[in-house]
Amino acid sequence: TPSHLEEMVTGALYSRGYITNAKQIAFLSIEDSRVCVVLTAAVEEETPCNYRPTLKPEAIFEIVNEIFRDPDTLFNQTGCAHSCSLVQNGVICCTFEDIGRHNALDKVIGYALRNHISMAECVIFTSGRISGDYMAKIIRAGFPIAVSRAAVTSEAVRLAQESGTTLYGFVRGNSANLYT
């Protein structure tokens, strides 16, 4: 969907390994369907984070209900969109929707990078299925916890276990599947 494109481009560049932080984007222009990006050669690593968020199941259910209760979401209007939310210290920092679940995740990653939010201190909430490639993107971004209303694949579970990422799936009402 044609919204929050700077965040989506930033997140996609990060997810694909072209940048390690938003400061490497010297210029970004989006006109119609054309994107122009100029990157700097300097690589400035972020300071490692020693904090790992934790969420009690009650908090997860409360946040999921808050994210998905809005009747004006694109999903509720069309039935064919995915949402992705960035949660830090129990507070929803942002929520983005897109027809593509990867695009929604890239928008959240881009938002975190552009706003200097450590993804290692956040939890990612998604409405979409977590497949292996989606989980790999979550791990690359450094999210220690991933929560989905939908299914997770066996490849996603394997990757989560190998990386030490906590993974929840089928979060609905007051129930969820914990995979790691």
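Look up a bit, the structure's there.
Residues numbered from 1 in each chain as written. Predicted model: local features only at pLDDT ≥ 70, side-chain atom pairs only at ≥ 80, totals over all residues. Heavy atoms only, no water.

1. Examining helix α5 (residues 132–141)
Part 1 of the reasoning: Taken together, the buried positions of α5 are occupied by Gly 132, Tyr 134, Met 135, Lys 137, Ile 138 and Ala 141.
Part 2 of the reasoning: Looking one or two residues beyond α5, the residue adopting positive phi is Gly 142, at roughly 95°. (Buried < 20%, exposed > 50% of the residue type's maximum accessible area, 1.4 Å probe, protein only. Helix = DSSP H or I, 4+ residues; strand = E, 2+ residues; numbered from the N terminus.)

2. Concerning the pairing of strand β1 (residues 25–31)
Part 1 of the reasoning: Pairing of β1 with strand β2 (residues 34–39) involves 6 bridges; the strand directions are antiparallel. If you follow Glu 31 over to β2, its bridge partner there is Arg 34. (Pairing = 2+ DSSP bridges.)

3. Section: the packing of α5 against helix α6 (residues 154–163)
Part 1 of the reasoning: Across the interface, α5 lies against α6 with an axial gap of 8 Å and an inter-helix angle of 25°. Comparing the axis directions of α5 and α6 gives the class roughly parallel. Of the two possible hands of crossing, α5 and α6 adopt the one that is right-handed. Mapping the contact onto sequence places Gly 132, Met 135, Ala 136 and Ile 139 in α5 and Glu 155, Ala 156, Leu 159, Ala 160 and Ser 163 in α6.
Part 2 of the reasoning: Its residues assigned to classes, the contact of α5 with α6 comprises 6 nonpolar, 2 polar and 1 charged. (Axes fitted to C-alpha atoms, helices over the stretch in contact; angles between N-to-C directions. Parallel < 35°, antiparallel > 145°, perpendicular 65-115°, else oblique. Left-handed = near helix turned anticlockwise from the far one by under 90°. Contact = heavy atoms within 4.5 Å. Nonpolar A, V, L, I, M, F, W, Y, C, P; charged D, E, K, R; others polar.)

4. Observations regarding the environment of Ser 163
Part 1 of the reasoning: With respect to the helices and strands, the residue Ser 163 is situated in helix α6.
Part 2 of the reasoning: For Ser 163, a relative accessible area of 35% translates into the label partly exposed.
Part 3 of the reasoning: As for Ser 163 and Phe 27, which are separated by 136 residues in sequence, their C-alpha atoms are 33 Å apart.
Part 4 of the reasoning: Within polar-contact distance, the side chain of Ser 163 engages the backbone oxygen of Ala 160 at 3.2 Å. (Polar contact = N/O pair within 3.5 Å; in protein donor to acceptor, adjacent residues only side chain to side chain.)

5. Observations concerning unusual backbone geometry
Part 1 of the reasoning: Despite not being glycine, Asp 32 shows a phi value in the positive range, around 55°.
Part 2 of the reasoning: Mapped onto the fold, Asp 32 is located in the loop between β1 and β2.

6. What about the side chain of Ser 83?
Part 1 of the reasoning: In this fold, Ser 83 is placed in strand β3 (residues 82–88).
Part 2 of the reasoning: Not counting chain neighbours up to four residues away, the residues in contact with Ser 83 comprise Ile 67, Phe 68, Thr 95, Phe 96, Glu 97, Ala 104, Phe 125, Thr 126 and Ser 127.

7. Topic: the packing of aromatic side chains
Part 1 of the reasoning: Within the structure shown, the criterion is met by 1 aromatic pair.
Part 2 of the reasoning: Lying over the aromatic face of Tyr 14, Arg 140 brings its terminal NZ or CZ to 4.5 Å of the ring centre. (Phe/Tyr/Trp six-rings, centres within 6.5 Å; stacked < 30°, edge-to-face > 60°. Lys NZ or Arg CZ within 6 Å of the ring centre and 35° of its normal.)

8. Re the packing of helix α4 (residues 101–114) against α5
Part 1 of the reasoning: For the pair α4 and α5, interaxial distance at closest approach is 11 Å and the crossing angle is 5°. The orientation of α4 with respect to α5, classified from their angle, is roughly parallel. Judged by residue contacts, Arg 101, His 102, Leu 105, Asp 106 and Ile 109 of α4 engage Asp 133, Tyr 134, Lys 137, Ile 138 and Ala 141 from α5.
Part 2 of the reasoning: When grouped by side-chain class, the residues that make up the contact of α4 with α5 number 5 nonpolar, 1 polar and 4 charged.

9. Examining the sheet that holds strand β8 (residues 175–178)
Part 1 of the reasoning: Pairing within the open sheet is mixed, and its 6 strands lie in the order β4-β3-β5-β6-β7-β8. Sheet topology places β4 (91–98) and β8 at the edges, where each strand pairs with a single neighbour. Adjacent strand axes in the sheet meet at a mean angle of 20°, parallel and antiparallel pairs treated alike.
Part 2 of the reasoning: Bridge count between β3 and strand β5 (residues 122–126): 5 bridges; the pairing is antiparallel.

Interpretation note: all reported values are geometric properties and have no functional meaning in isolation.
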